Amino acid sequence: MKNLEEYSLFDDVSKVVDHAASHMDIHPGLLDQIKQCNSVYKFNFPLRNGDGTYQVIEGFRVQHSHHKLPVKGGIRFSSFVNEEEVKGLAALMTYKCALVNIPYGGAKGGVTIDPTKYNTDQLERITRRYTSELIKKKFIGPAIDVPAPDYGTGSREMAWIVDTFEAFNPEVINAKGCVTGKPLSQHGIEGRTEATGMGVFIGIREAVSVKEDMDALGLNVGLAGKKIIVQGLGNVGYYSAKFLQEAGAKIIGIAEYNGGIWNEDGIDVDDIKRHQVANKGFKGYGKGTFIEDSMSLLLYPCDILIPAALENQITLKNAAKVQAKIIGEAANGPVTQDADKILLEKGIMIIPDMYLNAGGVTVSYFEWLKNLSRVSFGKLEKRYDMKKYDLLLESIEKATGDTFSEEQKDIIVRGASERDLVNSGLEETMVTAYHHMNGVRKEKNIKDLRTAGFIVALERIAISYMDLGIFP
Ligand code: NAD
């Protein structure tokens, strides 16, 4: 096994791209251009501690592809952040955006710190200084490079970033669009918090709607009664499980870092979440069996396994023992490349991360559009639509003599809110991308969705370059 210094996420991503390209007719020079990172910015800055000592902090921002601008990708605060990881994650963003047809190039940023070791004041100073380093080199801006939250950062850090950017750029009217994932009060968007989980739900719903594919797995069509195990009941895991349960699936197992819970009859997601928050884990929850070794839950029989916690969870060590028929990669990189091969040989369907967790960047895109137009979605047309539909219902009632119930009227007449429009755009994006990717898989007679996803992405990026006349 490679140690941390030898392992390069960027090399891993490049290998998957090469494999996808082997199914395509793509100019080798163009492929090289697509694979490389266009700009890599590594910098250091000092942090003064309360006792007068100093610490030098290392930061990165990588812009993988300028084929579309601005570039987009999160900022990660973690002690494991290194150049190869940031480059790999930036590249993944390029392919993810291309696959779901969101007009951005990929980017990623990182600061090599363990955020749990710093107080709020230090984190604010680190975030603001990191932002000013990006401003100095023009590595941030609504038309240039638009960060978002990632591991170890959230809406609080995004609020500090936008505030710093505005302080340095008072004349930029679209300054709020320099970062997404902001709090609502800072011009964030309704629905961003649950967006990734909602996207995971839609992606899995689409996968299990295809009869031919379900027949091959020996599963019934649809979510009703599907037995699901989720790893990680954080933001993505919780919302994925909640929406899947509401659609009729049964959550039979949930794994957390400090123990799992199992109940073949189903676990109520909101109920267990309340218990988790109140008790810092699942211990003592009466409506299921507590599983001390939560990693073992990944190997229990189920229809769908959803790793929604961390990378590197299904590896050479445990892949052969996985009993799920479908793996939905809600987390980034939960299945290693070696494990991927074993799972495919076992006939397991893997819905790849580059597609399945794209709901977050999709709704970030809507937030950026809202910031550029400086108006909430639905604000202009809502009342107009309501009056129009009111009139329409009245005319139908008059013409037919029938009457609509108050509930029916409410559903039909209610104008779309920002959340309605965000969810509609998210659904359209996820549904279209799934069937495109799965169509390419079948057309090219490829076994796995991941390779098909990379082919779709590479085709779109290649066309951007070719239309500029740079490559034949
Ligand atoms: P989160 O911190 O809200 O949740 C992660 C959960 O996993 C936590 O509850 C944590 O306790 C649990 N966990 C940690 N280690 C575990 C272990 N060993 N076993 C079981 N559970 C463990 O993070 P999140 O935002 O939900 O992100 C989860 C994954 O989804 C990450 O890979 C992230 O990169 C990816 N992702 C997130 C978003 C987003 O919008 N939040 C978007 C795209 C991808």
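Keep in mind it's a predicted model, so treat the numbers as computed, not measured. Here, residues in each chain are numbered from 1, in the same order as that chain's written sequence. A pLDDT threshold of at least 70 governs which residues receive local features in this predicted model, and a stricter bar of 80 or more applies before side-chain atom pairs are shown or counted, although totals over entire chains, interfaces and linings include all residues. Neither water nor hydrogens contribute to the side-chain values; these are computed over all heavy atoms in the structure.

1. Let's talk about the layout of surface pockets
(1) Moving on: Here a cavity means grid points, on a 1 Å grid over the protein atoms only, where a 1.4 Å probe fits yet cannot get out; a pocket means an open set of points with protein on both sides within 12 Å along at least five of seven lines; lining residues are those with an atom within 4 Å of a point. Grid points are joined across faces, edges and corners, and a volume is the space filled by probe spheres set on the points. Looking at the largest pocket, its volume works out to about 1800 Å³.
(2) Moving on: Surrounding the largest pocket, 50 residues form its lining, Tyr7, Asp12, Asn312, Gly333 and Thr336 being those nearest its centre.
(3) Moving on: Listing elements by their share of the lining of the largest pocket, those giving two or more residues are α1 (9–21), β3 (71–77), α3 (83–99), α10 (337–345), α11 (353–356) and α16 (449–467).
(4) Moving on: Residues are grouped as follows: Ala, Val, Leu, Ile, Met, Phe, Trp, Tyr, Cys and Pro are nonpolar; Asp, Glu, Lys and Arg are charged; all remaining types, including Gly, are polar. Here the lining of the largest pocket is composed, by residue class, of 19 nonpolar, 13 polar and 18 charged. Strands here mean DSSP runs of E at least two residues long; helices mean DSSP runs of H or I at least four residues long; both are numbered from the N terminus.

2. Describing the environment of valine 172
(1) Moving on: Its location among the elements puts valine 172 in the loop between α5 (155–168) and α6 (192–207).
(2) Moving on: Sequence separation of valine 172 and phenylalanine 80 is 92 residues, and the distance between their C-alpha atoms is 35 Å.
(3) Moving on: Note on contacts: a residue pair qualifies if any of its non-hydrogen atoms lie within 4.5 Å across the two residues. Every residue in contact with valine 172, bar those within four places of it in the chain, is listed here: Pro142 and Phe165.

3. Quick word on the pattern of salt bridges
(1) Moving on: Here a salt bridge means any side-chain nitrogen of Lys or Arg lying within 4 Å of a carboxyl oxygen belonging to Asp or Glu. By the definition in use, this model includes 38 salt bridges.
(2) Moving on: Three or more residues joined by partner-sharing salt bridges are found here, namely Arg76, Glu85, Lys108 and Asp150.

4. Brief notes about a nonpolar patch on the surface
(1) Moving on: Note on patches: the residues involved have over 30% relative accessible area and no salt bridge, like charges join within 9 Å, and the nonpolar side chains Val, Leu, Ile, Met, Phe, Trp and Tyr join within 5 Å. Surface accessibility follows the Shrake-Rupley procedure with a 1.4 Å probe radius. Residue values consider only the protein chains on display as shielding. Residues Tyr389, Leu392, Ile396, Ile411 and Ile412 make up a contiguous nonpolar surface patch of about 440 Å² in total accessible area.
(2) Moving on: For the nonpolar patch, the secondary-structure elements that each account for two or more residues are α13 (382–400) and α14 (406–413).
(3) Moving on: Note that isoleucine 396 resides in helix α13.

5. Looking at the sheet that holds strand β9 (residues 289–291)
(1) Moving on: DSSP calls a pair of strands paired once it identifies at least 2 bridges connecting them. Ordered by their spatial adjacency, seven strands build an open sheet running β9-β8-β7-β6-β10-β11-β12, and the pairing between neighbours is mixed. This sheet does not close on itself; its edge strands, each paired only once, are β9 and β12 (349–351). Pairs of neighbouring strands in the sheet enclose a mean axial angle of 20°, with direction left out of account.
(2) Moving on: One ladder, built from four bridges, connects strand β7 (residues 250–256) with strand β8 (residues 259–262); its direction is antiparallel. Pairing of glycine 253 across the sheet is with tryptophan 262, part of β8. To obtain an axis, a line is fitted to C-alpha atoms, over the contacting stretch when the element is a helix, and the angle between two such axes runs from 0 to 180 degrees between their N-to-C directions.

6. So, the site of the ligand
(1) Moving on: Throughout, the term near means that a residue has one or more heavy atoms lying within 4 Å of the molecule or strand in question. Around the ligand sit 18 residues in total, of which Thr196, Asn235, Val236, Glu256 and Asn332 are the nearest.
(2) Moving on: Between N or O atoms, a polar contact is any pair within 3.5 Å; within protein, one atom must be a potential hydrogen donor and the other a potential acceptor, and residues adjacent in sequence are included only when both atoms are from side chains. Contacts to the ligand include threonine 196, whose side-chain N or O atom sits 2.7 Å from an oxygen atom.
(3) Moving on: Backbone polar atom of valine 236 to an oxygen atom of the ligand: 2.9 Å apart, as the coordinates give it.
(4) Moving on: Surface burial for the ligand is 72%, taken as the share of its 830 Å² of free accessible area covered by protein chains.
(5) Moving on: Mapped by element, the contributors of at least two residues to the shell around the ligand are α6, α8 (235–246) and β7.
(6) Moving on: Along the lines of polarity and charge, the residues of the shell around the ligand split into nine nonpolar, seven polar and two charged.

7. Description of the packing of aromatic side chains
Ring pairs (aromatic) are described by centroid distance and by the angle formed between their planes.
(1) Moving on: Only the six-membered ring of Trp is used, alongside the rings of Phe and Tyr, when aromatic pairs are assigned; centres must lie within 6.5 Å, and planes under 30 degrees apart are stacked while those over 60 apart are edge-to-face, with the rest tilted. As enumerated under the stated definition, the model contains 14 aromatic pairs in all.
(2) Moving on: Look at tyrosine 41 and phenylalanine 139: their rings are 5.0 Å apart centre to centre, the planes differ by 50°, and that puts the pair in the tilted class. Of this pair, tyrosine 41 sits in strand β1 (residues 39–48) while phenylalanine 139 sits in the loop between α4 (120–136) and β5 (145–149), and the two are 98 residues apart along the sequence.
(3) Moving on: Per-residue accessibility, obtained with a 1.4 Å probe over protein chains only, is compared with the maximum for each type, and a residue is labelled buried under 20%, exposed over 50%, and partly exposed between these values. Judged by its relative accessible area of 12%, phenylalanine 139 falls in the buried class.
(4) Moving on: Aromatic pair tryptophan 262 and tyrosine 300: ring centres 4.8 Å apart, planes at 70°, arrangement edge-to-face.

8. A few points about unusual backbone geometry
(1) Moving on: The omega angle of the peptide bond from leucine 69 to proline 70 is 5°, so this bond is cis rather than trans.
(2) Moving on: Mapped onto the elements, proline 70 comes out in the loop between β2 (54–63) and β3.
(3) Moving on: In the Ramachandran plot, asparagine 101 falls in the positive-phi region, its phi being about 60° despite a non-glycine side chain.
(4) Moving on: Looking at the element boundaries, asparagine 101 is found in the loop between α3 and β4 (105–111).
(5) Moving on: Despite not being glycine, lysine 280 has its phi angle at roughly 55°, a positive value.
(6) Moving on: Within the secondary structure, lysine 280 sits in the loop between α9 (269–279) and β9.
(7) Moving on: Take lysine 280: its relative accessible area is 69%, and that puts it in the exposed class.

9. Quick word on the packing of α6 against α8
(1) Moving on: As a packed pair, α6 and α8 sit with axes 7 Å apart at the nearest point and diverge in direction by 50°. Regarding the angle of α6 to α8, the classification is oblique. Between α6 and α8 lies a crossing whose hand is right-handed. The segment α6 lies against α8, with Thr193, Glu194, Thr196, Gly197, Met198, Val200, Phe201 and Ile204 engaging Asn235, Val236, Tyr239, Ser240, Phe243 and Leu244.
(2) Moving on: Each residue belonging to the contact of α6 with α8 can be placed in one class, and the counts come to eight nonpolar, five polar and one charged. Between 65 and 115 degrees an angle is taken as roughly perpendicular, under 35 as roughly parallel, over 145 as roughly antiparallel, and anywhere else as oblique. In this scheme the handedness of a crossing depends on how the near helix is turned from the far one: anticlockwise by less than a right angle means left-handed, clockwise means right-handed.

10. Re the nonpolar core
(1) Moving on: Within this scheme, the nonpolar core is defined by two criteria: the residues are buried Ala, Val, Leu, Ile, Met, Phe, Trp, Tyr or Cys, and they are joined through side-chain atoms within 4.5 Å. Core analysis: the biggest nonpolar cluster contains 96 residues, and Tyr95, Ile204 and Tyr355 have the highest contact counts within it.
(2) Moving on: Either an automatic procedure or a domain database provided the assignment from which the domain bounds are taken. Split by domain, this core shows at least three residues from each of two domains, domain 1 (40–186) and domain 2 (195–356).
(3) Moving on: Once residues lying within four places of it in the same chain are set aside, the contact partners of tyrosine 355 are Leu99, Val100, Gly203, Met430, Ala433, Tyr434 and Met437.
(4) Moving on: One finds Tyr41, Leu47, Val111 and Tyr130 within the second-largest nonpolar core, a separate group that totals 25 residues.

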